[in-house]
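What the coordinates show
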Amino acid sequence: MSLWSRITNTFRGSRVDREIDEELGSHLAEGIREGRDPAEVRQAFGSALQIREASRDLRLIAWLESLRADVIFGWRQLMKRKVTSTAAILSLALAIGACTSAFRLIDALLLRPLPVADPGSLYVLLRNGIGFADGKPRTSDSYEYPLFRQMRAAVHGQAELIAAGYSDRVDLTYSTDLEVEQARRQNVSGWMFPSLGLRPALGRLLTANDDLTPGAHPVAVISYDYWRRRFAQDPNVIGRRLRLGNDLHQLFEIVGVASERFTGTEPGTVTDLFLPAMMNSMVENPGSAWLRIFVRLHPDAAPEPVRQRLAAVFRAWNEDRANGFTGGSKQFISRFLDQKLLLEPAAAGASGMQRDYRLALVALSVLVALVLLIASVNVANLMTAQAAARAREMALRLSIGAGRWRLVQLVLVESAWLAFLASAIGACFAWWAAPFVVGLVSSRDNPVHLILPADWRVMAFGVALALAVTFLFGLGPALRASAIQPASALKGGADPHARRRLMHALIAAQVAFCFVVQFVAGLFVTTFEKLANQPAGFSAERLLILDAISPRPALPVLWDQVADHLRSLPGVETVAMAGFPLLSGSSSNGFIAINGGPAEQGLVHFLNVSPGWLDAMKIVLTDGRDLRATDTYSGAAIVNATFAQRYFGGDHPVGKWFERLDPEGKRIRLQVVGLIPDARYQDLREPITPTIYVPFQSRTRTSFIIRTSSQNPLALGSILRPEVRRARPEFRVTNIRTQLEINQAQTVRERLLAMLAFFFSAVALLLAGIGLYGVLDYGVLQRQREIGIRVAIGAQAADIARRVTTQVFSMVAVGAAAGLALGMLSVRYIEALLYQVKATDAPVLATPALGIIAAALLAAAPAVARAVRIDPVAMLRAD
Amino acid sequence: MPKPDSLQGSLDLLVLKILSRRPGLHGYAIMSAIKDWSGDVLRADEGSLYPALHRIEEAGWLRAEWLAKDEGRRLRVYRLTPAGKKQLSDEESRWQIVTTAVNRVLRTV
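Quick notes on the rules
- Residues numbered from 1 in each chain as written.
- Chains lettered and ligands numbered in written order.
- Predicted model: local features only at pLDDT ≥ 70, side-chain atom pairs only at ≥ 80, totals over all residues.
- Helix = DSSP H or I, 4+ residues; strand = E, 2+ residues; numbered from the N terminus.
- Buried ≥ 20, exposed ≤ 12 C-beta atoms within 10 Å, placed from the backbone.
- Contact = placed C-beta atoms within 7 Å.
- Domains from an automatic or database assignment.
- Nonpolar A, V, L, I, M, F, W, Y, C, P; charged D, E, K, R; others polar.
- Pairing = 2+ DSSP bridges.
- Axes fitted to C-alpha atoms, helices over the stretch in contact; angles between N-to-C directions.
- Core = buried A, V, L, I, M, F, W, Y, C linked by C-beta atoms within 7 Å.
- Bend = angle between axes of the 7 residues up to and from the residue.
- Left-handed = near helix turned anticlockwise from the far one by under 90°.

This paragraph deals with the overall build of chain B. The number of helices and strands found in chain B is four helices and three strands. Its helices and strands taken in sequence order, chain B reads α-β-α-α-β-β-α from the N to the C terminus. By its C-alpha atoms, chain B is 60 × 30 × 20 Å across when sized along the principal axes. Classification of the 109 residues of chain B by burial places 26% in the buried group. Contacts in chain B between residues at least 24 apart in sequence constitute 48% of all its contacts with a sequence separation of at least 6.

Here it is as structure tokens:
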């Protein structure tokens, strides 16, 4: 109560003053009324001012009052220089907003614990090995269910193992009219929900009893998000039935809705349907790795013994499987057995997006942190210059008794104003920017759902950042301003160079940071250009991809009927078919043997294609012929140039034959009928692998590759969708995309990095330029008298210009050299993000150097102009 | 050597005691009461009375209010709060203990 009255009194200090004055006045009046002599009363009373001050300090909080006064004073200081304040606040706001956005993304993807009980005891199993195709170290997290079962039994009592399938898109129908829609499905262990301590929002969740027998538990739990999107939170959703697209016999019943915050175990993806692991068709297949393994340690168990037990099971399993390899080479088998099992903390879940974007996000956040430092240096220099202008005011304050801390507070409060306003604007920027970045990464075909709440974690980061920034650019100038010697300052100036020396050091730092940002941005932009201009080996233009399924394996002739029908439609130029589109991420691989010999080293890729596929993809035969309708699998094959080079030594391969070794050890004889140039198969970065194109067999799934006559193939897609069903009523289209979209998805991360890094390098250069301009201009302003005298005794303009800029330019050189060194050091950490570009490439080094030189020259021009135009007469008379 | 009229830390006690007998006095009246009731021996320093009053008020032992007088003049008058009453009895008993002890020392030495 008393504290509260003191706080409220603090904010109405003048009223408190008036009341005290009134009470003291009434005392004097009472004394005079009693007949005492007025002079005597006043003398007996003593100094009313002193009494008022003593009383006042009792009735309000002195430090709060002085703070309040400083806050008001600081605001007035800002308003006095609206333009510089606005520039400072906006540049800081951009940098703070970018840092906050980066934090939001990193937090949402990598740090934020899953909303489950005790996320700290959750681990994910990783396996480190050597890649089969390229021989590089590779980490994987996929396992087979039978292996999972053995592992789970081995650590029973010490840890619970949870199988979580990769979240993938499935086709499904709710009604009987076969209207196909898509949802994200995740097959998980039934005991995942109780083990993670999750509760249903509606109905019930899966339990261990829903996950006992393969194919016997047709139940589904839907996510809250899906419930809201698809069913508008209809409580009658419980009991609805759905049919999974590919398998007409799997009729699932929805039994419950998961809690709102649990969106699956993969940050970046929101799962729609949770199905029991037992309902995955691959659950008994020892050759199909389709799940991640989460390990939940029991409270008293240590990770290492558990890992060792799991590793023993893993090794035995691999040895067992290696015995069955008839196709693989020795090197392949030894690499297979040398895989190492790791237990990785997974409080934040595990997802492919984490793997793809971890380094990219960290690199970006370092860039934006550097931009924040650059902006802070500008503000620090601004504050230093202003403190210099206010040296006399500070000296006056000191000499009438202000403490040193009081002056520090005065300047810091002003910095806090800047930081606070910048943070507020930056928060708005981050509000928009973080989802914007997610939007850049997300594509129609591969949507990214990153939950980005603005909660206490983000708030705490924002406040901490604002405080850090305040001290970063405010403390130096504040301490410097408060260390002033009143006598010398009032006389008209102590050492004016000291202040400039601090500014120059800051300029060097700023240029160094700017150089690093430019340099790294250059690397990212070059990487993107190299990747985007990477010849794919086929033409993606005007190509529409229609993915279609059939309920049971259908012979090629049935698929041909559909293709024929599509060909007859307007707007369609050519129609061909493939097992999947090139570069879509799908792949099929195996081993081959030449001339009946043993298995060749290294994997080869396969793709089923129809006759006319080469034509549709605009791939021109180098030799031989295209596949024909009469060709069948285990007969004819087309190979790429890499294949011909590696296995036939570059000789004309047409007419030669080889054998494919299938997993059961059978040898399938294939004769080369055609040779084509290399085309990108799965990835733009990896070296091209030997690839074999073979005719189709009967199948349930096909991608129609349609070259359209329209520049916007997607528009045609919706027209073609019903036509597929018209041609064959049991076939259904599950997905429509363009080859261009698929190609662009290959470079999403690189484009993001290039775009954002380029943007921030431009901002960094602009800010550094402004900073240079400010310091040069300030230097000229400070040396006006000196320059005036020099001009008066006949100095030339060139001489003046050199004097004004030499020091600052040498700082720029020092900064650039430091930046170069820093940049070279940093390349090591981002190597995985780069493609065909080295830190020592001339353009990568020249661009930042030229950018900084240009910025420095541009920034120096106004200051030099001002210096040479100083009129000595006016200058010397004024002082 | 302090003057004989020095209050020596007993100002709070006197103010509380006076206001417990005569609630609603203003500062000047309290000062006069200290002088009159002590038989002109004790004098509160006129200036330092007010910071003391404000301090006691902030401690929550006194409650102040403005009393309108003629010609728009206002007087700030003080009353004891319940906490002030308790404080008074505490201080009175402490005063007794101290004076008894001091007297005992004076007698024995």
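Once the structure has been displayed, the description carries forward.
Residues and elements named next belong to chain A. Residue placement: Asn-378 occurs in helix H12 (residues 352-389). Separated by 128 residues in the primary sequence, Asn-378 and Leu-506 have C-alpha atoms spaced 8.6 Å apart. If near-sequence neighbours (up to four positions away) are discounted, Asn-378 is found in contact with Ala-88, Ser-91, Leu-767, Ile-770, Gly-771 and Gly-774.

Here we take up the domain arrangement of chain A. Residue and element names in this part refer to chain A. Taken domain by domain, chain A comprises domain 1 (2-60), domain 2 (64-112 + 352-494), domain 3 (119-347) and domain 4 (543-745). A straight line from the C-alpha centre of domain 2 to that of domain 3 covers 45 Å. The interface of domain 2 with domain 3 comprises eight residues on the first partner and five residues on the second. At the level of elements, helix H6 (82-111) and H12 are the ones that each hand at least two residues to the side of domain 2 that touches domain 3. Looking at the side of domain 2 that touches domain 3 residue by residue, the class counts come to six nonpolar, two polar and no charged.

Take the sheet that holds strand E24 (residues 732-738) of chain A next. Residue and element names in this part refer to chain A. Strand order across the open sheet formed by four strands is E15-E23-E14-E24, with antiparallel pairing between neighbours. Taken across any chain shown, the strands that pair with only one partner, and hence form the sheet edges, are strand E15 (572-578) and E24. The sheet shows a mean angle of 25° between the axes of neighbouring strands, taken without regard to direction. Judged from the six bridges that link them, strand E14 (residues 543-554) and E24 form a sheet pairing that is antiparallel. For Ile-549, the partnering residue across the bridge sits in E24 and is Arg-732. Set on the sheet, helix H18 (residues 556-567) makes contact with E14, E15 and strand E23 (699-708); between it and E15 the angle comes to about 160°.

Moving on, we come to the nonpolar core. All names here are of chain A. One finds Leu-92, Val-371, Ile-374, Val-517, Phe-760 and Ala-764 to be the most contacted residues of the largest nonpolar core, which totals 116 residues. The leading source of residues in this core is H12, at 21 residues. Of all hydrophobic cores here, the second largest spans 58 residues; its members include Ala-576, Ala-616, Val-673 and Val-694.

What follows concerns the interface of chain B and chain A. Taken together, the 15 residues of chain B in the interface contact 16 residues of chain A. Elements that contribute at least two residues to the side of chain B that touches chain A include exactly helix H2 (27-37), helix H3 (46-58) and strand E3 (74-80) of chain B. At seven residues, the largest contribution of residues to the side of chain B that touches chain A is made by H3(B). Taken together, the residues that form the side of chain B that touches chain A break down as four nonpolar, five polar and six charged.

Turning our eyes to something else, we now look at helix H15 (residues 456-482) of chain A. Along an α-helix, residues three or four apart share an orientation, since each turn contains 3.6 residues. Along its length, H15(A) reaches its greatest deviation from straightness, about 45°, at A:Gly474, and the proline A:Pro477 lies no more than four positions downstream. Residues of H15(A) that are buried sit in contact with H6, H12, helix H13 (391-399) and helix H14 (404-441) of chain A.

The next thing to look at is the sheet that holds strand E1 (residues 25-26) of chain B. All names here are of chain B. The antiparallel open sheet is built from three strands, whose spatial order is E1-E3-E2. Looking at the sheet topology across the chains shown, the edges are occupied by E1 and strand E2 (62-68). As judged from the seven bridges shared by E2 and E3, these two strands associate in the antiparallel manner. Bridge pairing in E3 places Trp-66 opposite Arg-76.

Attention now goes to the environment of A:Arg296. Residues and elements named next belong to chain A. When you line up the elements, Arg-296 lands in strand E12 (residues 289-297). Put simply, Arg-296 and Phe-262 are 34 residues apart on the chain and 17 Å apart in space, counted from C-alpha to C-alpha. Leaving out residues up to four positions away in the same chain, Arg-296 has contacts with Ser-121, Leu-122, Ala-159, Glu-160, Ile-162 and Ser-195.

Next up on the list: the packing of H2(B) against H3(B). Relative placement of two packed helices is described by the angle separating their axes and the distance separating the axes. Residues and elements named next belong to chain B. Between H2 and H3, whose axes approach to 10 Å, the crossing angle comes to 115°. Note on packing geometry: the crossing formed by H2 with H3 is right-handed. Where H2 approaches H3, its residues Gly-27, Ile-30 and Met-31 are matched on the opposing element by Glu-46, Leu-49, Tyr-50 and Leu-53. Of the residues belonging to the contact of H2 with H3, the class tally is five nonpolar, one polar and one charged.

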